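These are the residues of each chain, in order.
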Amino acid sequence: MDDFRLSLLPVHTEPAVLTRLSDLVNEVYAEAEKGLWQDGATRTSTAEVAEMTGAGQMAVAWLGRHIVGCVRVRPLDDGTAEFGMLAADPAHRGRGIGRDLVAFAERHALDSGRPVMRLEILTPRSWTHPSKEFLAGWYARLGYQRTGVNAVEESYPGLAPLLATPCDLVAYRKHL
Ligand SMILES: CC(C)(COP(=O)(O)OP(=O)(O)OC[C@H]1O[C@@H](n2cnc3c(N)ncnc32)[C@H](O)[C@@H]1OP(=O)(O)O)[C@@H](O)C(=O)NCCC(=O)NCCS
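Residues numbered from 1 in each chain as written. Predicted model: local features only at pLDDT ≥ 70, side-chain atom pairs only at ≥ 80, totals over all residues. Heavy atoms only, no water.

### Some remarks on the nonpolar core
- Of all hydrophobic cores here, the largest spans 26 residues; its most connected members are Phe83, Leu86, Met117, Tyr139 and Tyr144.
- Those elements that provide at least two residues to this core are strand 2 (58–63), strand 3 (66–75), strand 4 (80–88), helix 3 (97–111), strand 5 (116–124), helix 4 (130–141) and strand 7 (167–175).
- The biggest single contributor to this core is helix 3, with six residues.
- Contact partners of Leu86, with chain neighbours within four places excluded, come to Tyr29, Cys70, Val71, Gly98, Leu101, Val102, Trp138 and Tyr139. (Core = buried A, V, L, I, M, F, W, Y, C linked by side-chain atoms within 4.5 Å. Buried < 20%, exposed > 50% of the residue type's maximum accessible area, 1.4 Å probe, protein only. Helix = DSSP H or I, 4+ residues; strand = E, 2+ residues; numbered from the N terminus. Contact = heavy atoms within 4.5 Å.)

Structure representation (C-alpha cells):
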C-alpha cells in the first residue's frame, strides 16, 4: 500500500481541495463529537479552511492525490503555538497519520521559534465521551500535560448556544 506524506498546504490552494478538506473535517467531527452539538452544527466551512490555509496554518496528509488527514497549527504568542482541527480519514486510521500530523505541527512550532505547544479538548461536563477519553490518554502518552479547564460559555460565548450538552475545554501543554 502507498505511504502517506505530509505537507503544509500552499497559501494559494485550489478551491476544490479546500472544499474536500472542510468536508473531511466536518465528516470526522460529526462522528467524533456526536452528542455534543445540536443538529445542523458543523465544525468548519470552506471559507474558514481557506482563511487558515491562506495564513499558512494548515498541514495535510496526502495518500496519492487524496487528502486523508489534517491539522491546523497557529502561533499563540512569541513562545507558544496551538494545534487543532486534527482529523484522520476513518478509512485510514491506525497507520500513524494522526501521530505524524501532531509531530509535523510540533516541528513547525519549533521551526518558528515556539518551544511550547498547546491544545484543547472539547469535553462534555457531566458524562464521558469515548473519543475524548481516547484523546486524553493519547495526548498524555505523547507528553502533553493537562493545565486547566474552561467552560465553553466563558471562552466562546458564541458557540455555547450550538452545544447539545454543557461542555468544557480542557487545555493541555507540552514543552517541545
Ligand atoms: C485522533 C486521530 C486524528 C488519530 O488518527 P490516526 O491516524 O488513527 O492516529 P494514529 O494511527 O497515529 O494512532 C494514534 C494512536 O491511537 C492508537 N490507535 C489507533 N487506532 C486505534 C484503535 N483502533 N484502537 C485503539 N487505539 C488505536 C495508536 O496506537 C496510537 O497510539 P500511540 O501513538 O500511543 O501508539 C483520529 O482518531 C481522528 O480523526 N479522531 C477524530 C477527530 C479528533 O478527535 N481530533 C482531535 C480533536 S482535539
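### Considering the side chain of Arg118
- Position of Arg118 relative to the elements: it lies in strand 5.
- Only 3.2 Å separates the side chain of Arg118 from the side chain of Glu120, close enough to count as a polar contact. (Polar contact = N/O pair within 3.5 Å; in protein donor to acceptor, adjacent residues only side chain to side chain.)

### Section: the site of the ligand
- Around the ligand lies a shell of 19 residues, among which Leu86, Gly96, Gly98, Arg99 and Arg141 are the nearest.
- At 3.2 Å, a side-chain N or O of Arg93 approaches an oxygen atom of the ligand.
- One of the backbone N or O atoms of Arg95 is found 3.2 Å from an oxygen atom in the ligand.
- Protein burial of the ligand: of its 940 Å² of free accessible surface, 71% is covered by the chains.
- Listed by contribution, the elements that provide at least two residues to the shell around the ligand are helix 1 (15–32), strand 4, helix 3 and helix 4. (Near = heavy atom within 4 Å. Areas by Shrake-Rupley, 256 points an atom, 1.4 Å probe, with all protein chains shown as cover.)

### With respect to the pattern of salt bridges
- Taken as a whole and judged by the stated rule, the model has nine salt bridges.
- Residue Lys34 pairs with Glu31 through a salt bridge whose shortest N-O separation is 3.3 Å. Of the two residues examined, Lys34 and Glu31, each falls in the exposed class.
- Its salt-bridge partner being Lys174, residue Glu106 comes within 3.1 Å of it at the nearest N-O pair. Placement of Glu106 in helix 3 and of Lys174 in strand 7 is noted, with a sequence separation of 68 residues between them.
- Looking at Glu106, the relative accessible area reads 13%, which means it is buried.
- Residue classification places Lys174 among the buried residues on the basis of a relative accessible area of 17%.
- Within the structure, one salt-bridge network assembled from shared partners comprises Arg74, Glu82, Arg118 and Glu120. (Salt bridge = Lys/Arg side-chain N within 4 Å of Asp/Glu carboxyl O.)

By themselves, these figures tell us nothing about what the structure is for.
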